[in-house]
Amino acid sequence: MVVDNAAVKYTTRDGVAVITLNNPPVNGLGHATRTGIVEGIARANSDAAVTAIVITGAGKAFSGGADITEFNTPKATQEPTLHTVIKEVEKSAKPVVAAIHSVAMGGGLELALGAHYRIAAPGAQIALPEVKLGILPGAGGTQRLPRAIGLEAALNMIVSGAPVPSEKLAKSGLFDAMAQGDLLDEAVAFARKAADKQGPHPLVRNRKIEHPNAEGFLQFSRNTVGAMSKNYPAPVKCIDAIAAGVKQGFDKGLAYERECFVELVQTPESHALRHAFFGERAASKIPDVPSSTPMRDIQKIAVIGAGTMGGGITMNFLNAGVPVTLLETKQEALDRGLATIRKNYEAQVKKGKLTQEKLDARMALISPTLSYDDLKQADLIIEAVFEELGVKEQVFKRLDEVAKPGAILASNTSTLDVDKIAAFTKRPQDVVGLHFFSPANVMKLLEVVRGKDTAKDVLATVMQVAKKIRKTAVVSGVCDGFIGNRMIEQYVRQALYMLEEGALPAQVDRAIEKFGFAMGPFRMSDLAGNDIGWAIRKRRYQEHPDMKYSKIADRLCETGRFGQKTGAGWYDYKAGERAALPSKLVDEMIVAYSKEAGVERRKISDEEIVERLVYALANEGAKILEEGIASKASDIDMVYLTGYGFPLWRGGPMLYADTVGLYNVARSIRRYAQQPNGDAWQIASSLAERAENGGSFN
Ligand code: T1G
């Protein structure tokens, strides 16, 4: 007999009720699913023909946990809550067996922990990943998992949130059996046998937590984890909830866990982490490119240019086991590029992160060549040659001659117009920008630059390639600097103005690094090379003579202080060291410059520094949204979280502006617009409008 509600299937088989969660894509435990389980348990217990119960999941998961799309909505706490569901499972007079496959995470694992028995298929991912969302297991996981697998193993799983393959937990006490063949068949047979057993069925909650020195272990863990997670409240709370159960027993521990959950789910850090979780997935969805868009078959990759970028790009594909034809114009450049790739891998072998055989296998995937003819069969060709339009023109004209029809031609340009590059070919529909960030084999961010003619299947294809090489791909339209660099330009502009107005490099960097940026603008510039910004500003002065800039950075570059590569930049550097030492000479140069510019230096607070840098990003991001260069605010946040060292626990510039309140952001921007250099603050109309009507970006 089959009784379906929206998200749960109920069938009976050999006297066993099978409750199948059916809430694609991962059987999130939304309200309908939770209701279906409770009803299923009640139905089974009232059916005399039924002796036992199996709970399992349809599709690609047992359950991926609570339905995070319900968070902070009434449905999340609408009865039956997951607590109620698990209580009904534990109270069932007939034995309940959880049949686990593929994924049992978060609330999904907590549901399984409430069952009397658990049987798992090998290869299932088992986790309590709540801490990665800035919360903690909120349906008994901090109380049952330590009782199921022991205090230390449970604490490690809960605090790390990392998945463990089910077979690794086979002997942990979590599973009563591992499936050898068909999981459901074996679960039903197991359930029938369990029904024959007399007496109450076992409950995880009744097990004891054995540990020789629980108090000491918990205190040690709390100190270590506390020190490592200063910007995130959840990890320590996980330990506190576990400790409450150890010290005060299951029920008090459960109540305390609940308190912690309610507190954490409201924190801005959890909001930011959930925003990033969904933002990462939303980025791969392009509004006018349906997910059903057919993709081109990409088997053969070619990279043109074996320099820093070309080498790094190549490594991404080698790491994914994809062969690459690597083209250079001169043998020594090719040899140098190959040597650099090998050196990078050897460094990983030294650190024990890579085996020698893996290194050899990856290097063997490279087909070096000096001839364009070897690119004839490539399905995707990525050029990473010198950033100059004339050079790109030669490359793309040549590609147009040799590349097979349907090959995707991608440019790694970071500043040039992808439409102009596409126009060098007779196939602009096959041209796209793939802007990797240096070091290309490390940085997760990949800006996919969509030209006006770029075909939809090309976009769909490169988004899939990005996923394969584990990049966070964000689609950008064509504009100067695309999304990330266009916004960082306004950020740097404010940084330079603040030097002119009274701040010094170390103060600006310290303030924004305290806010959470991995690196402030001046340390960053010294690392990347001040001459790069200088070249862009020179171009800018030609293209936009109206855009005012503080000339202070040009002064620095005129003295040859390009940063770490010249041993001196905004900071001084001891030979061979990377520590940025405030430079008296540069500070004096800055003070002299203010005088020359007739600017009265004043004390600038850290708060003003952070506001002007971060709001400059949000304001430019708003304009990028208005122009359709980015399709959603979360895309802009993903660019900054994965490519520019923006603090994850603040969720990105757009979410941060929402958190501050756009009304307050607009007020601050208007105040800065009244100050010297205030003409840089042209408030974005969409920001002003949202500020007026209480709107937000996300
Ligand atoms: N709720 C709702 N949707 C979810 C989801 C969830 N828990 N997990 C994934 N999705 C969506 C995701 O947004 C995407 O949607 C699609 O499923 C495929 O995801 C009380 C409160 C399960 C390992 O943190 O780690 O339980 O883009 O691309 O690579 O204590 O998703 O297709 O529209 O990632 O195969 C705890 C989070 C929740 C698990 C599958 N659970 N999910 O990976 O697919 S809090 C988690 C994942 C909780 C309890 C607490 C992964 C996955 P769309 P995907 P995948």
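Conventions we followed
Residues numbered from 1 in each chain as written. Predicted model: local features only at pLDDT ≥ 70, side-chain atom pairs only at ≥ 80, totals over all residues. Heavy atoms only, no water. Domains from an automatic or database assignment. Patch = residues over 30% accessible without salt bridge, like charges linked within 9 Å, V, L, I, M, F, W, Y side chains within 5 Å. Areas by Shrake-Rupley, 256 points an atom, 1.4 Å probe, with all protein chains shown as cover. Salt bridge = Lys/Arg side-chain N within 4 Å of Asp/Glu carboxyl O. Lys, Arg positive; Asp, Glu negative; His and termini not counted. Charge placed at Lys NZ, Arg CZ, Asp CG, Glu CD. Helix = DSSP H or I, 4+ residues; strand = E, 2+ residues; numbered from the N terminus. Axes fitted to C-alpha atoms, helices over the stretch in contact; angles between N-to-C directions. Parallel < 35°, antiparallel > 145°, perpendicular 65-115°, else oblique. Contact = heavy atoms within 4.5 Å. Nonpolar A, V, L, I, M, F, W, Y, C, P; charged D, E, K, R; others polar. Phe/Tyr/Trp six-rings, centres within 6.5 Å; stacked < 30°, edge-to-face > 60°. Buried < 20%, exposed > 50% of the residue type's maximum accessible area, 1.4 Å probe, protein only. Lys NZ or Arg CZ within 6 Å of the ring centre and 35° of its normal. Near = heavy atom within 4 Å. Polar contact = N/O pair within 3.5 Å; in protein donor to acceptor, adjacent residues only side chain to side chain. Pairing = 2+ DSSP bridges. Left-handed = near helix turned anticlockwise from the far one by under 90°. Right-handed = clockwise from strand over helix to strand, strands pointing away.

Enquirer: Would you mind going over the domain arrangement of the protein chain with me for this structure?
Expert: Interfaces are often sized by the accessible area lost when the parts come together. Domain boundaries assigned for the protein chain yield domain 1 (8-264), domain 2 (301-476) and domain 3 (484-693). In this structure, domain 1 and domain 2 have C-alpha centres spaced 44 Å apart.

Enquirer: Can you walk me through a positive patch on the surface in this structure?
Expert: A cluster of basic side chains, namely Lys 60, Arg 281, Lys 285 and Lys 467, defines a positive patch on the protein surface. Of note, Lys 60 is situated in the loop between strand 4 (52-57) and helix 2 (74-77).

Enquirer: Which parts of the structure should I look at to understand the packing of helix 24 (residues 606-626) against helix 28 (residues 685-692)?
Expert: When two helices pack together, their arrangement is given by the angle between the helix axes and the distance between those axes. Where helix 24 meets helix 28, the closest approach of the two axes is 7 Å, and the angle between their N-to-C directions is 105 degrees. Put simply, helix 24 runs roughly perpendicular to helix 28. Where helix 24 abuts helix 28, its residues Ala 618, Asn 619, Ala 622 and Glu 626 lie against Ser 685, Ser 686 and Leu 687. Classifying every residue of the contact of helix 24 with helix 28 by side-chain character gives 3 nonpolar, 3 polar and 1 charged.

Enquirer: Looking at this model, I keep getting lost on the packing of aromatic side chains. Mind explaining?
Expert: Centre-to-centre distance and the angle between the planes together describe a pair of aromatic rings. Under the counting rule described, the total for this entry stands at 13 aromatic pairs. Centre to centre, the rings of Phe 522 and Trp 570 are 4.8 Å apart; their planes meet at 65 degrees, and the pair counts as edge-to-face. Remark: Trp 570 occurs in the loop between helix 22 (552-558) and strand 19 (571-572) and Phe 522 occurs in helix 20 (residues 521-528); sequence separation between them is 48 residues. The same class applies to Phe 522 as to Trp 570, namely buried. Taken together through their ring pairs, the aromatic side chains of Tyr 491, Phe 515, Phe 517, Phe 646 and Tyr 656 make up a single cluster. The residue whose ring lies beneath Arg 43 is Tyr 10, and the NZ or CZ to ring-centre distance is 5.5 Å. The ring of Tyr 541 carries the charged tip of Lys 551 above its face, separated from the ring centre by 4.6 Å.

Enquirer: Got a minute to help me understand the site of the ligand in this structure?
Expert: Lining the immediate environment of the ligand, one finds 26 residues, of which Glu 110, Glu 130, Gly 138, Arg 281 and Lys 285 sit closest. Between Ile 68 and the ligand, the recorded distance is 3.0 Å, taken from a backbone N or O atom to a nitrogen atom. When the ligand is considered free in solution it has 990 Å² of accessible area, and contact with the protein chains removes 77% of it. Top element by residues in the shell around the ligand is helix 11 (residues 268-283). It accounts for 3 residues.

Enquirer: It is not clear to me how the sheet that holds strand 6 (residues 103-105) should be interpreted in this structure. Could you clarify?
Expert: Working definition: the strands of a sheet are paired by backbone hydrogen bonds and lie parallel or antiparallel to each other. Read from one edge of the open sheet, 3 strands run 6-8-9, paired in mixed fashion. The sheet is open, and its two edges are formed by strand 6 and strand 9 (164-165), each paired on a single side. In the sheet, strand 8 (residues 125-127) pairs with strand 9 via 2 bridges, with the strands oriented antiparallel. Residue pairing for strand 9: Ile 126 is matched across the bridge by Val 164.

Enquirer: I tried to follow the side chain of Asp 509 on my own but got confused; where do I start?
Expert: Here Asp 509 lies in helix 19 (residues 505-515). Buried charge without a partner: Asp 509 forms no salt bridge, and the closest opposite charge is Arg 523, 4.8 Å away. Within the structure, the side chain of Asp 509 is placed 3.0 Å from the backbone nitrogen of Phe 522, a separation counted as a polar contact. In this structure Asp 509 touches Gly 520, Pro 521, Phe 522, Arg 523 and Tyr 571, once residues within four positions along its chain are discounted.

Enquirer: I keep staring at the pattern of salt bridges and nothing clicks. Help me out?
Expert: Working definition: two side chains of opposite charge can pair if their charged atoms are close together. Going through the model one piece at a time under the given rule, you end up with 40 salt bridges. Here Asp 379 ties to Lys 404 by a salt bridge, and the two come within 2.5 Å at their closest N and O atoms. With Asp 379 in the loop between strand 13 (366-369) and strand 14 (380-383) and Lys 404 in the loop between helix 15 (389-402) and strand 15 (408-411), this pair connects stretches of sequence that are 25 residues apart. For Lys 404, a relative accessible area of 26% corresponds to the partly exposed category. A salt bridge links Glu 620 to Arg 486; the nearest nitrogen and oxygen atoms lie 2.8 Å apart. Here Glu 620 is found in helix 24, whereas its partner Arg 486 is found in helix 18 (residues 484-501), with 134 residues between them in sequence. Through salt bridges with shared partners, one network takes in Asp 480, Glu 489, Arg 539, Arg 540 and Glu 543.

Enquirer: Quick question: what am I supposed to make of the sheet that holds strand 12 (residues 324-327) here?
Expert: Read across the open sheet, the 8 strands follow the order 13-12-11-14-15-16-17-18; overall the sheet is mixed. Strands at the two margins of the open sheet, each flanked by one partner only, are strand 13 and strand 18 (472-476). Averaged over neighbouring strand pairs, the angle between their axes works out to 25 degrees when direction is ignored. Pairing of strand 11 (residues 301-304) with strand 12, which is carried by 4 bridges, proceeds in the parallel orientation.

Enquirer: Help me out: how do you make sense of the environment of Gly 645 in this one?
Expert: Relative to the elements of secondary structure, Gly 645 occurs in the loop between helix 25 (633-643) and helix 26 (653-660). Sequence separation of Gly 645 and Glu 513 is 132 residues, and the distance between their C-alpha atoms is 9.9 Å. Apart from residues lying up to four places away in sequence, Gly 645 is in contact with Gly 516, Phe 517, Ala 518 and Tyr 640.

Enquirer: When you look at unusual backbone geometry in this model, what are you seeing that I'm missing?
Expert: Where the residue is not glycine, phi is negative for most of them; where a peptide bond is considered, it is trans in most cases. Cis geometry marks the peptide bond from Pro 24 to Pro 25; its omega dihedral reads 10 degrees. If you trace the backbone, Pro 25 turns up in the loop between strand 3 (16-21) and helix 1 (31-45). Cis peptide bonds are those with omega within 30 degrees of zero, and the linkage from Glu 79 to Pro 80 qualifies with 0 degrees. Checked against the element boundaries, Pro 80 lands in the loop between helix 2 and helix 3 (82-91). Unlike most non-glycine residues, Ser 102 shows phi in positive territory, near 60 degrees. Tracing the backbone shows Ser 102 in the loop between strand 5 (96-100) and strand 6.

Enquirer: Help me out: how do you make sense of the packing of helix 4 (residues 107-114) against helix 5 (residues 141-149) in this one?
Expert: Two elements in contact, helix 4 and helix 5, have axes separated by 10 Å at closest approach and are oriented at 60 degrees. As summarised for this structure, helix 4 and helix 5 are arranged oblique, according to the angle between their axes. In terms of crossing hand, the pair formed by helix 4 and helix 5 is left-handed. Residue-level contacts link Leu 109, Glu 110, Leu 113 and Gly 114 of helix 4 to Gly 141, Arg 144, Leu 145 and Ala 148 of helix 5. Of the residues belonging to the contact of helix 4 with helix 5, the class tally is 4 nonpolar, 2 polar and 2 charged.

Enquirer: Please explain the environment of Arg 281 as it appears in this structure.
Expert: By the secondary structure assignment, Arg 281 is in helix 11. Distance in space between the C-alpha atoms of Arg 281 and Gly 678 is 38 Å, their sequence separation being 397 residues.

Enquirer: Just to check I follow, could you spell out the pairing of strand 4 for this structure?
Expert: In regular strands, side chains alternate between the two faces of the sheet. Counting buried positions along strand 4 gives 6 out of 6 residues, so the element sits mostly inside the fold. Side-chain alternation along strand 4 places Ala 52, Val 54 and Thr 56 on one buried face and Ile 53, Ile 55 and Gly 57 on a second face that is also buried. Relative to strand 4, strand 3 is paired through 6 bridges, and the arrangement is parallel. From the neighbouring strand, Ile 19 faces strand 4, where its bridge partner is Ile 55. With respect to chirality, the unit in which strand 3 leads through helix 1 into the neighbouring parallel strand 4 is right-handed. Both strand 4 and strand 5 contribute to a ladder of 3 bridges, which runs parallel. The residue of strand 5 that forms the bridge with Ile 55 is Ala 98.

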